[in-house]
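# Examination of the molecular architecture
Chain residues, written in single-letter form:
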Amino acid sequence: IFDMNDFNPSPGKQHKSLVIVTGASRGIGRAIALVIANAVNESSRGNGESEVGTMVSSPLHMVLIARSAESLRETAQLVEQLCGGDGGSGLVTTSCHEMDLSDLDTLQEKLQQILEPLACAQYDSCWLINNAGSLGPLGLASSIGGESDMKELRKAVDFNVTSSIWVSSQFTKTFLTSSSASSPTSTTKSTLIRIVNISSLCAIDPFSTMSIYCAGKAGRDMFHRTLAKEHATNTMENDKEPTNQEDTKNSKPSQIFKVLNYAPGACDTQMTDNLADCSVLDDGLHKYFTTSKQEKTLVRPEDTAEKLVQILNLDEFESGSHVDYWDV
């Protein structure tokens, strides 16, 4: 594990894979980071060639972003333990970035400090897990009012919508441009780019007393659907040679750039703890979350993380689509 200041990739050097996870300090974000690291490690031990499906391979560099530096270090340490401990085996390296994504005054500068050094390297694949988010103000939509509510509303939109859009757009600009620059004149194959917006059922269904959260998730989904549509023609021919007639029949161009809106299900996280404890939540929702907590029927973060990585590795989803944990 090392600080970003120590990571200076040389132009032309192949670093295989890059994964950036926002909101990586706990919950779903941490779980996704650990599932990816574990999959790389297990695959390497199994066949000597550390690949997770066809999408992520070692050496993998994982960039962890969140507001809590201490919790980020815990995530990084857990990643290290999965990959051999005491610096790991070189399969996965991490860098941690304490960053408040809701602070739009510093967002661009801090994001550039992360992305610009990474853009110097060449990757087989780059993933962005755009996970960070918050509940925002809860209660009836008609109850919103007053100066304090306006500030809370602005903070929620800045964090859940504006910063999410900005992170995905800057990631796209950085790595799609870099990938395109290496082709077709370069012999280096194009980088496979995948953006995952961590969505919710709230993005497509209204839930009483959660209007701000629903609006934010719906806005994020639509932005990422549009982003997918704008880059739908970025394709490359499969590098893998077909081994039989069936492979030849099924062979088709792979999309260099794909976007997924992934709804992880109602997970057992701090967010659902907050919903279970909320006094202004819709009665039906409150009963659901309190009962689910008591009966331990909420989705485990590690289970939804496993499902997401499986979806990404199969790579059969339509770019821009909304896929729920319970759909697969």
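Relevant structure appears above.
Residues numbered from 1 in each chain as written. Predicted model: local features only at pLDDT ≥ 70, side-chain atom pairs only at ≥ 80, totals over all residues. Heavy atoms only, no water.

## Some words on the nonpolar core
Core analysis: the largest hydrophobic core is formed by 39 residues, its most contacted members being Ile 36, Met 62 and Val 92. Elements supplying a minimum of two residues to this core: strand 1 (17-22), helix 1 (27-47), strand 4 (60-66), helix 2 (69-82), strand 6 (125-130), strand 7 (192-198), strand 10 (257-263) and helix 9 (301-314). The greatest single-element share of this core, amounting to nine residues, is contributed by helix 1. Sequence-distant contacts of Ile 36, defined by excluding residues within four places in its chain, comprise Val 19, Val 56, Leu 60, Met 62, Trp 127 and Val 309. One finds Met 99, Leu 101, Leu 118 and Leu 227 within the second-largest nonpolar core, a separate group that totals 28 residues. (Core = buried A, V, L, I, M, F, W, Y, C linked by side-chain atoms within 4.5 Å. Buried < 20%, exposed > 50% of the residue type's maximum accessible area, 1.4 Å probe, protein only. Helix = DSSP H or I, 4+ residues; strand = E, 2+ residues; numbered from the N terminus. Contact = heavy atoms within 4.5 Å.)

## Notes on the sheet that holds strand 4
One open sheet holds the seven strands; their spatial order is 5-4-1-6-7-10-11, and the pairing between them is parallel. Sheet topology places strand 5 (92-98) and strand 11 (322-324) at the edges, where each strand pairs with a single neighbour. Sheet twist, expressed as the mean angle between neighbouring strand axes with direction ignored, is 20°. With six bridges connecting them, strand 1 and strand 4 associate as parallel partners. Of the residues in strand 4, the one forming a bridge with Ile 20 is Val 63. Against the sheet, helix 3 (residues 104-118) touches strand 1, strand 4 and strand 5, its axis set at about 175° to strand 4. (Pairing = 2+ DSSP bridges. Axes fitted to C-alpha atoms, helices over the stretch in contact; angles between N-to-C directions.)

## Observations concerning the packing of aromatic side chains
Here the structure, examined in full by the defined rule, presents four aromatic pairs. With centroids separated by 6.2 Å and ring planes inclined at 75°, the aromatic side chains of Tyr 123 and Phe 175 adopt a geometry described as edge-to-face. With Tyr 123 in the loop between helix 3 and strand 6 and Phe 175 in helix 4 (residues 147-181), this pair connects stretches of sequence that are 52 residues apart. Ring centres 4.9 Å apart and planes at 50° place the aromatic pair Phe 171 and Phe 175 in the tilted group. Residue Phe 171 and its partner Phe 175 are both found in helix 4; the two are separated by four residues, about one turn of the helix. We classify Phe 171 as buried; its relative accessible area is 1%. Using a relative accessible area of 3% as the deciding quantity, one classes Phe 175 as buried. (Phe/Tyr/Trp six-rings, centres within 6.5 Å; stacked < 30°, edge-to-face > 60°.)

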